[in-house]
Amino acid sequence: MPATALCRSKFLITRSLPTTAGASASWPSSWRLKNASFDAGAAGFFDDSFLQVRGIEFSDESATVTVGNVETLDFVFDQLPTGERYARNGGLLIDDLRLDLGTVKLEFKELADTLGARGLRAAEFDFAVSQIANFTGGELRTEHAFNLVMDKMASLELVSGFEVKLATLVALDSMAAQGRAKESEMLNLIGGIELASLNATYLDDGLVDTLVDVMAAEQNVSPAEMRSSLRLMLAQTLEGILPRNGRRMARPLETLLKQGGGLEVSVRPQQPVILSNFLGFLIMPDLALEQLGVTITHLRDQ
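A brief structural summary.

Definitions and cut-offs
Residues numbered from 1 in each chain as written. Predicted model: local features only at pLDDT ≥ 70, side-chain atom pairs only at ≥ 80, totals over all residues. Heavy atoms only, no water. Pairing = 2+ DSSP bridges. Helix = DSSP H or I, 4+ residues; strand = E, 2+ residues; numbered from the N terminus. Salt bridge = Lys/Arg side-chain N within 4 Å of Asp/Glu carboxyl O. Buried < 20%, exposed > 50% of the residue type's maximum accessible area, 1.4 Å probe, protein only. Core = buried A, V, L, I, M, F, W, Y, C linked by side-chain atoms within 4.5 Å. Contact = heavy atoms within 4.5 Å. Axes fitted to C-alpha atoms, helices over the stretch in contact; angles between N-to-C directions. Parallel < 35°, antiparallel > 145°, perpendicular 65-115°, else oblique. Left-handed = near helix turned anticlockwise from the far one by under 90°. Nonpolar A, V, L, I, M, F, W, Y, C, P; charged D, E, K, R; others polar.

Considerations on the pairing of strand β7 (residues 139-150)
Point 1. By the bridge criterion, 12 bridges tie strand β6 (residues 122-136) to β7 in an arrangement that is antiparallel. Bridge pairing in β7 links F125 to M150.
Point 2. Linking two consecutive strands that pair antiparallel, namely β6 and β7, is a turn of two residues; a positive phi of about 60° is found at G137 within it.
Point 3. Bridging between β7 and strand β8 (residues 154-165) involves 12 bridges; their strand directions are antiparallel. Directly across from A145, in β8, lies its bridge partner V159.

Some points on the pattern of salt bridges
Point 1. Tallying each qualifying case throughout the model produces eight salt bridges.
Point 2. For E124, the salt bridge identified is with R98, shortest N-O distance 2.5 Å. Of this pair, E124 sits in strand β6 while R98 sits in strand β5 (residues 85-100); the two residues are 26 residues apart in sequence, bridging distant segments of the chain.
Point 3. Looking at R98, the relative accessible area reads 37%, which means it is partly exposed.
Point 4. Residue E239 is joined to R247 by a salt bridge in which the shortest nitrogen-to-oxygen separation is 3.2 Å.
Point 5. For E239, a relative accessible area of 34% puts it in the partly exposed group.

Details of the nonpolar core
Point 1. Grouped together as the largest cluster of nonpolar side chains are 12 residues: L195, L238, L242, M249, A250, V267, V273, F281, A288, L289, L292 and V294.
Point 2. Every element with two or more residues in this core is listed here: α7 (246-259) and α9 (285-292).
Point 3. It is α9 that contributes the most residues to this core, three residues altogether.

Considering the environment of V67
Point 1. Here V67 shows up in strand β4 (residues 64-79).
Point 2. Accessibility expressed as a relative area gives 9% for V67, which makes it buried.
Point 3. For the pair formed by V67 and E124, sequence separation is 57 residues and the distance between their alpha carbons is 9.5 Å.
Point 4. Setting aside chain neighbours within four positions, we find V67 in contact with R54, G55, I56, I94, D95, D96 and L97.

Concerning the packing of helix α6 (residues 223-241) against α7
Point 1. The interhelical angle for the contact between α6 and α7, taken along N-to-C directions, is 165°, at an axis separation of 8 Å. In terms of orientation, α6 lies roughly antiparallel with respect to α7. Remark: the crossing between α6 and α7 carries right-handed chirality. Within the contact between the two elements, α6 uses R227, L230, R231, L234, A235, L238 and E239 and α7 uses G246, R247, M249, A250, L253, E254, L257 and K258.
Point 2. Here the contact of α6 with α7 is composed, by residue class, of eight nonpolar, one polar and six charged.

Structure representation (C-alpha cells):
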C-alpha cells in the first residue's frame, strides 16, 4: 500500500474515535485497505473495495469499550440512467464489540449487577448492516438488513424493502453534494419513497428475564409480580391506542413475557406505501395496522 494511502486511512480512523476530557482512545492494532480513496476525510469506495480495522479501544471514567474487528462487506456499484452512481451491494460488519460492565454509570449498576450474577462481566455484541439494490422500472428497489446479536442475551434481525423514484434519487444526490436541505424539500422527497416490506425477528436468550429482574428489584416486588404487572400494562396500553387491534397485538407480547421465546413482526402492505402517508397513520393507528398488514407472532423457544 502506498504511504499516502496508509496515512489517509490512519487519519480516517482517528476521526472516527473522537475523545473528550477524561476520555482516551487507542490506535487500532491493525488495518487493511484495498481499492479505496480518501479526500479530506471522505471515503471513496469502488467495486471490490475493502476496509478492515482491528483492535479499537476507547474509554472514559464510566466505561471501557473495545471492538475486535470492523470490516466492510463486498461492494458492487452501478449507475442510474442519469449517471449517478449507487451501491448495488455493500455493508459493514462489526465483531466483538465489548462493553466492560464493571465501569458503567450508577444508573446502570443494577443491570450490571444482575448480569454479573448470571456470569456476565461484559456485554458483548456483533452486528452487521447490508444493502442490496437494483434499478428497475424507473425506480430503485432496495433491501436493507440489520443484524444484532448480544451474546448470551438476545438477537435481532431487521429486513426492510423500499422503492425510490428516479427523480427522488437525483434530488437526494444533489442535496448530499450541497450538504444541506430545507425541511420543505425533505417533505416533498419522502413522497417519492415507498415502503414495500418490513420484517423484524427477535429471539430472546435471557434478556427479558434480566430486565424483569432489574425492574422487580427497583420496585421491591417479585419477578412473577413484575411479569404480571407488565402484561397488564401492555394490554391496557395497546387496547387504549388500538381499540380494534390492541388485543391481537398484545397477546404475543404477553406470551413472550410469560414463556420466553421470540417475536416476529411483519409489515406486508398489498401495495408499497408512500412514507408521507405515515403522518396520517399517526392519527389513525388502527387503520394504519390494517392497511400495512401488520402482524406480530410469538416464536416458541427452540
